[in-house]
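Letter by letter, the chains look like this.
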Amino acid sequence: MQFQPVSPDQPNLPLAPRLLAENCQEYGARLCLDPQFHYFGYIETREGRRLPIKGGALPLNSYAAGEAARDKDFCGRLLQSASLPTPSFKLVHSKRAIAQLHTASPHVAKALNSIDNAADLADELGFPLYLKPNEGTQGIGVQKLTKPEQLPEALEKSLQANDRVLLQKAVSGRDYRIIVLDEKILAVIERRPLSILGDGHSPVKTLLEEKKASLKTRGGGQKIEQDDPRILQMLSDAKLTLASVLKKTQEFQLLPNANLSTGGQAIDMTDHISPVHAQLALNAAKACGLRYAGVDLLCNDITLPTSSAHVLELNAGPGLTNFWQSAKAHEDRVREIFKSLAQAILQEAHTLTFS
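Just so it is clear, the structure is predicted and the values come from calculations on it, not from any experiment.

Conventions adopted
Residues numbered from 1 in each chain as written. Predicted model: local features only at pLDDT ≥ 70, side-chain atom pairs only at ≥ 80, totals over all residues. Heavy atoms only, no water. Phe/Tyr/Trp six-rings, centres within 6.5 Å; stacked < 30°, edge-to-face > 60°. Helix = DSSP H or I, 4+ residues; strand = E, 2+ residues; numbered from the N terminus. Buried < 20%, exposed > 50% of the residue type's maximum accessible area, 1.4 Å probe, protein only. Expected span 1.5 Å × (residues − 1). Contact = heavy atoms within 4.5 Å. Pairing = 2+ DSSP bridges. Axes fitted to C-alpha atoms, helices over the stretch in contact; angles between N-to-C directions. Salt bridge = Lys/Arg side-chain N within 4 Å of Asp/Glu carboxyl O. Parallel < 35°, antiparallel > 145°, perpendicular 65-115°, else oblique. Left-handed = near helix turned anticlockwise from the far one by under 90°. Nonpolar A, V, L, I, M, F, W, Y, C, P; charged D, E, K, R; others polar. Polar contact = N/O pair within 3.5 Å; in protein donor to acceptor, adjacent residues only side chain to side chain. Disulfide = S-S within 2.5 Å. Patch = residues over 30% accessible without salt bridge, like charges linked within 9 Å, V, L, I, M, F, W, Y side chains within 5 Å. Areas by Shrake-Rupley, 256 points an atom, 1.4 Å probe, with all protein chains shown as cover.

**Here's the deal with the packing of aromatic side chains**
Per the stated rule, a full pass over the model turns up 3 aromatic pairs. Note on phenylalanine 3 and tyrosine 42: the rings are 5.8 Å apart at their centroids and 75 degrees apart in plane angle, and the pair reads as edge-to-face. With phenylalanine 3 in the segment before strand 1 (4-6) and tyrosine 42 in strand 3 (residues 40-44), this pair connects stretches of sequence that are 39 residues apart. Using a relative accessible area of 8% as the deciding quantity, one classes tyrosine 42 as buried.

As structure tokens, then:
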């Protein structure tokens, strides 16, 4: 496949490559991408050096650091080794994965947790807890379990699709993503979970249909499905059904996670983060060897230095499209982020010097 140079005014170019191309052009470099999906390719410096990119994976983080962030268990261990607050967790392997490993390393396979001892692990962590694919992204497959009897079925289904899943102790707090580059905070985004608001007469099913219709992906698809089992579980836990009627102004959270990719609401808190939490985010990125990262924090109030916080996980290629789309006021923030990224990439390639 041939890679083609892209320009910022090219029709149907997604946001991230458009802003990256805009900044590359300004600094005498060019962005070349696959012509079909504009997903992978390279930045070519003015000296002809190629810097490969793939989606949100930019030439700033090492491969090993990116893998550390993608692996939630590994990421959690790195955070713990740096004495940073993170929820307790346990890794569970599928029997399929254990069997494959047994031939080459039987002693390692024997030491792995499986579905057979998962109940004991869950009891050790305590309920409620989260069940999530260990290498998952965008909140896909994340489930909140509030009682032990939910574990066997949820774990079996998750292990059918994933070789490794994480059981993670639930901790309270608002959900924040902090965008970090080197020793600088570029953005702080509060992510509020997808929810519906009661009007006193409409059933949950109707409110859900209206919410679903208002949420579109950038490709024209849907961000949520009405029969998403996680939504049905959240309703069940609250002793509600699709026929239930919420009181007027009663807000109900539909999903256990606040990912913007699944309809979460974004609020810009960049100018309000306390120095304590800013330093925590920088320390988390450093602990995982990441120059550029999205650090996910749970904290009751990120503006108060005394408010306790937990580092949930890190993302080595945080997406910003949903943040951009959520409010007109966010566009300038995202433009500044991409300007900083382009400068950092080209500085690393020793092609530019910025004052």
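**What about helix 1 (residues 15-26)?**
Given a rise of 1.5 Å per residue, 12 residues ought to cover 16 Å, and the 17 Å separating the end C-alpha atoms of helix 1 matches this to within 8%. Those residues of helix 1 that sit buried are Leu15, Pro17, Leu19, Leu20, Ala21, Asn23 and Cys24. As for helix 1, its buried residues are in contact with strand 1, strand 2 (30-33), strand 3, strand 4 (50-54), helix 11 (321-326) and helix 12 (331-348). Of the residues one or two after helix 1, glycine 28 is the one with positive phi, at around 80 degrees.

**Overview of the sheet that holds strand 5 (residues 89-93)**
Overall, antiparallel pairing links the 4 strands, which are arranged 5-8-6-7 in an open sheet. At either end of the open sheet lies a strand with only one pairing partner, and these are strand 5 and strand 7 (143-145). On average, adjacent strands in this sheet sit at an angle of 25 degrees to one another, irrespective of strand direction. On the sheet, helix 7 (residues 151-161) packs against strand 5, strand 6 (129-133), strand 7 and strand 8 (164-169) and is oriented at approximately 140 degrees with respect to strand 8.

**Details of the pattern of salt bridges**
Proximity of charged atoms lets side chains of opposite charge pair with each other. Taken as a whole and judged by the stated rule, the model has 20 salt bridges. The partner of aspartate 175 in a salt bridge is arginine 191, and the shortest N-O contact between them spans 2.9 Å. Of this pair, aspartate 175 sits in strand 9 (residues 174-181) while arginine 191 is found in strand 10 (residues 184-192), placing the two residues 16 residues apart along the sequence. Look at the salt bridges and you will find they share partners, linking Asp175, Arg177, Arg191 and Asp296 into a network.

**Examining the packing of helix 1 against helix 12**
Where helix 1 contacts helix 12, the two axes come as close as 9 Å, and the packing angle between them is 55 degrees. Taken together, the axes of helix 1 and helix 12 lie oblique to each other. For helix 1 against helix 12, the interelement crossing comes out right-handed. In contact with Ala16, Arg18, Leu19, Leu20, Glu22 and Asn23 of helix 1, helix 12 contributes Val334, Arg335, Phe338, Lys339 and Ala342. Here the residues of the contact of helix 1 with helix 12 are counted per class, giving 6 nonpolar, 1 polar and 4 charged.

**Quick word on the environment of valine 276**
Following the sequence through the fold, valine 276 ends up in helix 10 (residues 275-287). We classify valine 276 as partly exposed; its relative accessible area is 45%. The spatial distance from the C-alpha of valine 276 to the C-alpha of proline 305 is 5.5 Å, given a sequence separation of 29 residues.

**Describing the side chain of serine 244**
With respect to the helices and strands, serine 244 occurs in the loop between helix 9 (229-237) and strand 12 (251-253). Judged by relative accessible area, serine 244 falls into the buried class, the value being 17%. In terms of polar contacts, serine 244 uses its side chain to reach the backbone amide nitrogen of threonine 241, at 2.8 Å. With residues up to four places along the chain from it excluded, the contact list for serine 244 reads Ser202, Pro203 and Val204.

**Some points on the state of the cysteines**
Each disulfide consists of a covalent bond between the sulfur atoms of two cysteine residues. Scanning the model with the defined rule gives 0 disulfides in all. Here cysteine 75 stays unpaired: no disulfide links it, and the sulfur of cysteine 288, its closest cysteine neighbor, is 3.8 Å away.

**Comments concerning a nonpolar patch on the surface**
Together, Phe3, Phe37, Tyr39 and Phe40 line one region of the surface with nonpolar side chains, adding up to about 400 Å² of accessible area. Assignment of secondary structure puts phenylalanine 37 in the loop between strand 2 and strand 3. Take phenylalanine 37: its relative accessible area is 54%, and that puts it in the exposed class.

**Things to note about unusual backbone geometry**
Residue proline 128 follows phenylalanine 127 across a cis peptide bond; omega there is 0 degrees. Considering the arrangement of structural elements, one finds proline 128 in the loop between helix 6 (118-125) and strand 6. A positive phi is found at asparagine 12, a non-glycine position, where the angle reads about 65 degrees. Of note, histidine 38 is a non-glycine position whose phi angle comes to about 55 degrees, a positive value. For histidine 38, the position within the fold is in the loop between strand 2 and strand 3. Its relative accessible area of 16% is what places histidine 38 among the buried residues.

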